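# Structural description and commentary
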Amino acid sequence: MDLTVTTLEGKDAGKISLSDDLFGLEPRQDLLQRVVRWQLAKRQQGTHKSLGRAEVSRTGAKMYRQKGTGRARHSSARAPQFRGGGKAHGPVVRSHAHDLPKKVRALGLRHALSVKAKGSDLIVVDSLSANDAKTKALIASLGKLGITNALFIGGNELDSNFRLAAKNIPNVDVLPVQGINVYDILRRGKLVLSKDAIAALEERFK
């Protein structure tokens, strides 16, 4: 697959040949859903917590005598059926993460890249660098490319000026190639890859 390379100013910078094993697959929605679900579950905090019967601050004395009152037998006011008692089967602090095979995660990333390539939402730029860390100047450059919602993937090291300039632009994310992931690719409209990022991805999946 051949794609035109452009600069951030919108100028032509030649062509690049993309690997069909990375960008030419027929996307599988079920595979993408599995990887996204794994990502979101892994980052879920799981810090929700309610007090159980043994944790509420309330007297442990018997409420009233066992016999002779005509009422049901009860031992403690901490029981869940009483106001101020502990919650039965409430949420506890836990991890929501689950396992997903490494090969499935890698295949999901390749399918996510293929989704963007097939939908003409993939843009390859010569390099992600800026002379100054000026957000206004970067917004003007992105306007020439028609980019309003995008994920930018640079090489192993991000240009500090570009990263700072893009930091305050809404709906724009910037990641090094090591941080590329399925969820961030799919949640943004366009995927913008630098030539260094493509070289690193092809080296990673060859």
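Residues numbered from 1 in each chain as written. Predicted model: local features only at pLDDT ≥ 70, side-chain atom pairs only at ≥ 80, totals over all residues. Heavy atoms only, no water.

As a reminder of what qualifies: UniProt positions are given in the numbering used here, feature names are shortened, and annotations may be inferred rather than shown by experiment.
In the annotation of an unreviewed UniProt entry, the chain is listed under the name Large ribosomal subunit protein uL4 and assigned to Pseudohoeflea suaedae. Its UniProt record gives the chain the following Subunit (unreviewed entry) comment, quoted word for word: "Part of the 50S ribosomal subunit." A UniProt comment under Sequence similarities (unreviewed entry) is attached to the chain, and it reads "Belongs to the universal ribosomal protein uL4 family."

### Describing the overall build of the chain
Using the following cut-off: Labels follow the DSSP assignment, with helices taken as runs of H or I lasting at least four residues and strands as runs of E lasting at least two, numbered in each case from the N terminus. Only C-alpha atoms enter the radius of gyration; for comparison, a globular chain is expected to reach 2.2 Å times N to the power 0.38, where N is the number of residues. Each residue is placed in one exposure class: buried if its accessible area under a 1.4 Å probe, protein chains only, is under 20% of its type's maximum, exposed if it is over 50%, and partly exposed if it falls in between.
If you tally the helices and strands in the chain, you get seven helices and six strands. Counting from the amino terminus, helix and strand elements in the chain follow one another as β-β-α-α-α-β-α-β-α-β-α-β-α. Here the C-alpha radius of gyration of the chain, 27 Å, is well above what a compact globule of 206 residues would show, namely 17 Å. If you line up the chain on its principal axes, its C-alpha atoms span 95 × 40 × 25 Å. For the chain, the proportion of its 206 residues judged to be buried stands at 35%.

### Topic: the pairing of strand β3 (residues 122-125)
Operational definition: Being paired, for any two strands, means DSSP has found at least two bridges between them.
Burial of the side chains of β3 extends over both faces: Leu122 and Val124 are buried on one face and Ile123 and Val125 on the other. As paired elements, strand β1 (residues 2-6) and β3 share two bridges and run parallel to each other. Note on β3: the bridge partner recorded for Thr6 is Val125. With four bridges joining them, β3 and strand β6 (residues 190-194) adopt parallel strand pairing. The partner of Ile123 across the bridge, within β6, is Val192.

### Comments concerning unusual backbone geometry
Positive phi values are uncommon outside glycine, yet His89 reaches one of about 55°. The topology assignment puts His89 in the loop between α2 (29-43) and α3 (102-118). Residue classification places His89 among the exposed positions, given a relative accessible area of 84%. Even without a glycine there, the phi angle at Ser120 is positive, about 60°. Turning to its location among the elements, Ser120 is positioned in the loop between α3 and β3. Ser120 gets classed as exposed once you look at its relative accessible area, which sits at 59%.

### Structural notes on the packing of α3 against helix α7 (residues 195-205)
Using the following cut-off: To obtain an axis, a line is fitted to C-alpha atoms, over the contacting stretch when the element is a helix, and the angle between two such axes runs from 0 to 180 degrees between their N-to-C directions. Reported orientations rely on four angle classes, namely roughly parallel under 35 degrees, roughly antiparallel over 145, roughly perpendicular from 65 to 115, and oblique for the rest. Rotating anticlockwise by less than a right angle from the far helix to the near helix defines a left-handed crossing, while the corresponding clockwise rotation defines a right-handed one. When checking whether two residues touch, look at their non-hydrogen atoms; a contact exists if any pair is within 4.5 Å. Gly is placed with the polar residues, together with every amino acid not listed as nonpolar (Ala, Val, Leu, Ile, Met, Phe, Trp, Tyr, Cys and Pro) or charged (Asp, Glu, Lys and Arg).
Axis separation between α3 and α7 bottoms out at 12 Å; the angle between their running directions is 140°. Taken together, the axes of α3 and α7 lie oblique to each other. Remark: the crossing between α3 and α7 carries left-handed chirality. Judged by residue contacts, Ala106, Leu109, Arg110 and Leu113 of α3 engage Leu201, Arg204 and Phe205 from α7. Its residues placed into classes, the contact of α3 with α7 shows five nonpolar, no polar and two charged.

### Some words on the packing of aromatic side chains
Worth spelling out the cut-off: Only Phe, Tyr and Trp rings are paired, with Trp represented by its six-membered ring, and only when their centres lie within 6.5 Å; those with planes under 30 degrees apart are stacked, over 60 edge-to-face, the remainder tilted.
Applying the stated criterion across every chain yields a total of one aromatic pair. Consider the rings of Phe152 and Phe162, whose centres lie 5.4 Å apart with planes at 65°: the pair is edge-to-face. Here the residue Phe152 occupies a position in strand β4 (residues 150-153), and Phe162 occupies one in helix α5 (residues 160-166), the gap between them amounting to 10 residues. For the pair Phe152 and Phe162, a shared accessibility class is recorded, and that class is buried.

### A few points about α7
We apply this condition: Working definition: the arc comes from the directions between the helix axis and the C-beta atoms, pointing outward to the latter.
Along α7, the residues classified as buried are Ala197, Ile198 and Leu201. On an axial view of α7, the arc spanned by its buried residues comes to 100°, and they lie on one face. Lining the buried residues of α7 we find β2 (12-17), α1 (20-23), α3, β3, β4 and β6.

### Section: the pattern of salt bridges
Keep this limit in mind: Salt bridges are counted wherever a side-chain nitrogen of Lys or Arg sits within 4 Å of a carboxyl oxygen of Asp or Glu.
Under the criterion given, the structure shown has nine salt bridges. Residue Arg28 is joined to Asp30 by a salt bridge in which the shortest nitrogen-to-oxygen separation is 2.8 Å. By relative accessible area, Asp30 is classed as partly exposed at 41%. Here Lys195 makes a salt bridge to Asp126, at a shortest N to O gap of 3.9 Å.

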